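# Coordinate inspection notes
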Amino acid sequence: MEDCGSITEKVFSNGDVYVGSFKAMLPHGKGKYTWSDGSVYDGCWEEGKMTGEGRLIWPSGASYEGDFSGGYLHGFGVFNGSDGSIYRGVWRMNTQHGIGRKQYQSSDVYDGCWKEGVREGSGRYAWSNGNMYIGNWKDGKMCGRGVMKWFDGDLFDGFWLNGLRHGSGCYRFADGSYYFGGWTKGLKDGQGMFYPAGSKHHPLRGCSDGKNEKRKKQLSNISSANSESVKPKVKRTFSDRISSSLLKGSGSISVRTMSQGEDTALDESSRDILACDSSSALSQSSRDDKTDLLETGSVACEREYTQGVLMKERIINISRLSRKSKQRLKFHAKEVKRKSCVSFLEARRSYYLMLNLQLGIRYSVGKITPVPIREVRQSDFGDQARIKMYFPRKGSQFTPSHHSVDFYWKDYCPMVFRYLRELFKLDAADYMMSICGDDGLRELSSPGKSGSLFYLSRDDRFVIKTLKKSELKVLLRMLPDYYKHVKEHDNTLITKFFGVHRISLKRGKKVRFVVMGNMFCTELRIHRRYDLKGSSHGRFTKKDRIDETTTLKDLDLTYEFHMDKLLREALFKQLSLDCSFLESQNIIDYSLLLGLHFRAPDNLISLLEPPDSLHKVETNPDHVEGGIYQGELSIPPRGLILVTHEPSSVSNTPGPHARGSTLRAMSVGDQEVDLLLPGTGRLRVQLGVNMPAQANQKVMQDESASVQVELFEVYDVVLYLGIIDILQDYNMKKKLEHTYKSLQFDPLSISAVDPKTYSKRFLNFLDKVFPVEP
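These lines cover the structure that appears in this document, whether it is placed above or below. (Residues numbered from 1 in each chain as written. Predicted model: local features only at pLDDT ≥ 70, side-chain atom pairs only at ≥ 80, totals over all residues. Heavy atoms only, no water.)

As a packed pair, helix 9 (residues 469-488) and helix 10 (residues 565-584) sit with axes 11 Å apart at the nearest point and diverge in direction by 160 degrees. With respect to helix 10, the axis of helix 9 lies roughly antiparallel. Here helix 9 runs over helix 10; the crossing is right-handed. Residues Met478, Asp481, Tyr482 and His485 of helix 9 lie in contact with helix 10, whose contacting residues are Gln574, Leu577, Asp578 and Phe581. Counted by class, the contact of helix 9 with helix 10 contains four nonpolar, two polar and two charged residues. (Axes fitted to C-alpha atoms, helices over the stretch in contact; angles between N-to-C directions. Helix = DSSP H or I, 4+ residues; strand = E, 2+ residues; numbered from the N terminus. Parallel < 35°, antiparallel > 145°, perpendicular 65-115°, else oblique. Left-handed = near helix turned anticlockwise from the far one by under 90°. Contact = heavy atoms within 4.5 Å. Nonpolar A, V, L, I, M, F, W, Y, C, P; charged D, E, K, R; others polar.)

What follows covers unusual backbone geometry. Not every positive phi belongs to a glycine, and Lys185 is a case in point at roughly 50 degrees. Here Lys185 shows up in the loop between strand 16 (178-184) and strand 17 (187-188). Given a relative accessible area of 63%, Lys185 falls into the exposed group. The phi dihedral of Asn586 is positive, around 65 degrees, even though this residue is not glycine. By the secondary structure assignment, Asn586 is in the loop between helix 10 and strand 31 (591-599). (Buried < 20%, exposed > 50% of the residue type's maximum accessible area, 1.4 Å probe, protein only.)

Another aspect to go through is the sheet that holds strand 24 (residues 454-456). Strand order in this open sheet of seven strands is 21-22-26-27-25-24-23, and the pairing throughout is antiparallel. Here the strands that pair on one side only, and so sit at the sheet edges, are strand 21 (386-391) and strand 23 (442-444). Across the sheet, the mean angle from the axis of one strand to that of its neighbour is 25 degrees, orientation sign disregarded. Looking at chain direction, strand 21 and strand 22 (residues 407-412) are connected through six bridges and run antiparallel. Each bridged residue has a counterpart across the sheet, and for Ile387 the counterpart in strand 22 is Asp411. Running over the sheet, helix 7 (residues 414-423) touches strand 21, strand 22 and strand 26 (497-505) and is turned about 145 degrees from strand 26. Sitting on the sheet, helix 8 (residues 428-436) touches strand 25 (462-467), strand 26 and strand 27 (510-517), and the angle it makes with strand 25 is about 65 degrees. (Pairing = 2+ DSSP bridges.)

Take the packing of aromatic side chains next. Across all of its chains, the model carries 49 aromatic pairs by this definition. Taking 5.2 Å as the distance between ring centres and 90 degrees as the angle between the ring planes, the aromatic pair formed by Tyr133 and Trp137 counts as edge-to-face. Side by side, Tyr133 and Trp137 carry an identical accessibility label, which is buried. One residue, Arg119, lies across the ring of Tyr110, its end atom 5.5 Å from the ring centre. (Phe/Tyr/Trp six-rings, centres within 6.5 Å; stacked < 30°, edge-to-face > 60°. Lys NZ or Arg CZ within 6 Å of the ring centre and 35° of its normal.)

Our focus in this paragraph is helix 9. For helix 9, spanning 20 residues, the distance from its first C-alpha to its last is 29 Å, which sits close to the expected 28 Å at 1.5 Å a residue. Residues of helix 9 that are buried include every one of Glu471, Leu472, Val474, Leu475, Leu476, Met478, Leu479, Tyr482, Tyr483, His485 and Val486, and no others. (Expected span 1.5 Å × (residues − 1).)

This is how it looks when you write it as structure tokens:
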């Protein structure tokens, strides 16, 4: 046995060569490893894993120099691609994740935040032709608030979605004219105001470009400083064993950045839209008839667009307006600029309600957080356990001034929800920043028939749902038992509730909200989602309405999921406990929300991608370089491996959807397990989170086959699941029985059963979905 620190050369049976220090027959310390395919790693090792500083070179010419941890590119490092691109920044488990700077082959440069290999967060993108965007990104596309400046001098400051202008904003033309209004998918839509060049009254009069330039300079400095100097500390991890195959696999990384083709598409779409905007200057007839008015610099045009087409136009002589009318006009322009992308009720009321919700949550959490920790009391659940506050627009002794309308705020059982957030290991500051940040909230289409509206927080961590008054009563009635249940069962699969609130506008409708954890805020992409009730009555989705974001139903599910025996036992033990709790609360009509991430063979990738996906990149075997596809990640045939849990190798951040302790698996000797996804990362397995399984799908046979044999396609999948829609009381359902009498229900109809029967059928259905291994 060689001593640690001695330099030894060892040739492996597969042709790999290692020269360096050993410890117990494993590379440890400094050493150089050369694979038979020509890949070379020269750097630090720790018990057989590349850990510390080092340099990795692939046969294609691609190279990485920087930090490694546990065999992964992890920390700060510089990656030089074989195509000439250079990334300098932070990595997490072989993927660009954090602050970084990338220079593309085309000379385009991006400075800013990355998440799982794509641009996400704040950042600056400079095209080689002189165009520049500074603002927010999502999934590699401009999304949220941002400023785009074109090389010819035009500038847009407003909201974006999927790389297109979407929402409210201000467009400044190179000649000095301005347009304030709304856009939908890159086209002007709705009402707006156009101020010709030289106008004396447009809202930005007197505001130089200094603010915009200052904002760009600050973001540029921050991004550059971080990308050059930030070098986070890397936790050193230990592994129990190593094989030559894993050593070789550790050289495979994922570079899931936007391809050059996508960057070009973004640029071209921006130019197309710019051409459309330029063409929307004053119509020829307006110029002919009203040239004199325009030259005075005291006019504006009130316009209305429908999908980019100018429908109405009215010339307004601002110099002749009354003072009151001018103030209304100025407020209109400011309001258009401040509006978020949220759409709730009518346009103006939607902005007010979302702003009110953010103001109220910030006030309530800030007020309750300093209260010393104590036990939850019975009085914390009562009718008097409310925070009530009036928010006048001009502000008061207790509330700040704001740009919304006067409103009344009510926060239900604030102490209870404070302790629930602490039970779920949720930091109060993170909670407020996620919901009350500048980016606002995004509206989702309702996946059910309840009529409720759903919103996502800016970072996807929280779902906000509007409640009916009856649902609010059910939640408050069951809150004491719910608190007790989640305190006793930290693995519970029942929806996590973080707060319940009500907004009342003067002479307006009362709107109730509940804040919940988003179980699909995951590190992996969700390819399919299902809402399962154990019923067949109307539980299907029309094929022409299905895409990757569609929530499918019971009859759409064509898979059986086979799991490790101990994982399945843990799942059904908790499902039984949760259903018993809901049964005791007289709850009915709840669902199991199931999300699937496929780790499938290459020939299934096209089926998992939506047909119109802008991120889809054709993979060519000739472009495989050291385990990297230049574009989309290649999914290996064996996509899941269960390994012994290593706390230092996985993220222990609770998250809004995480469930309790790490689970045990029989396949690794009844030990706590992590899920290893080759080429992607390592994840902690919890109940309902990162749960591995095999999905069996029955294959249709050719009717002409002489012998009929049951055929199945088998895919590795990662499951995410939880129980949702738990606010339907059976007694309320019973009051509507007369509605159902004229309907013909099948044997598994939801509305025709009591809570006990419902929970039994619900579990029986899931028992077939997750069958016991023979």
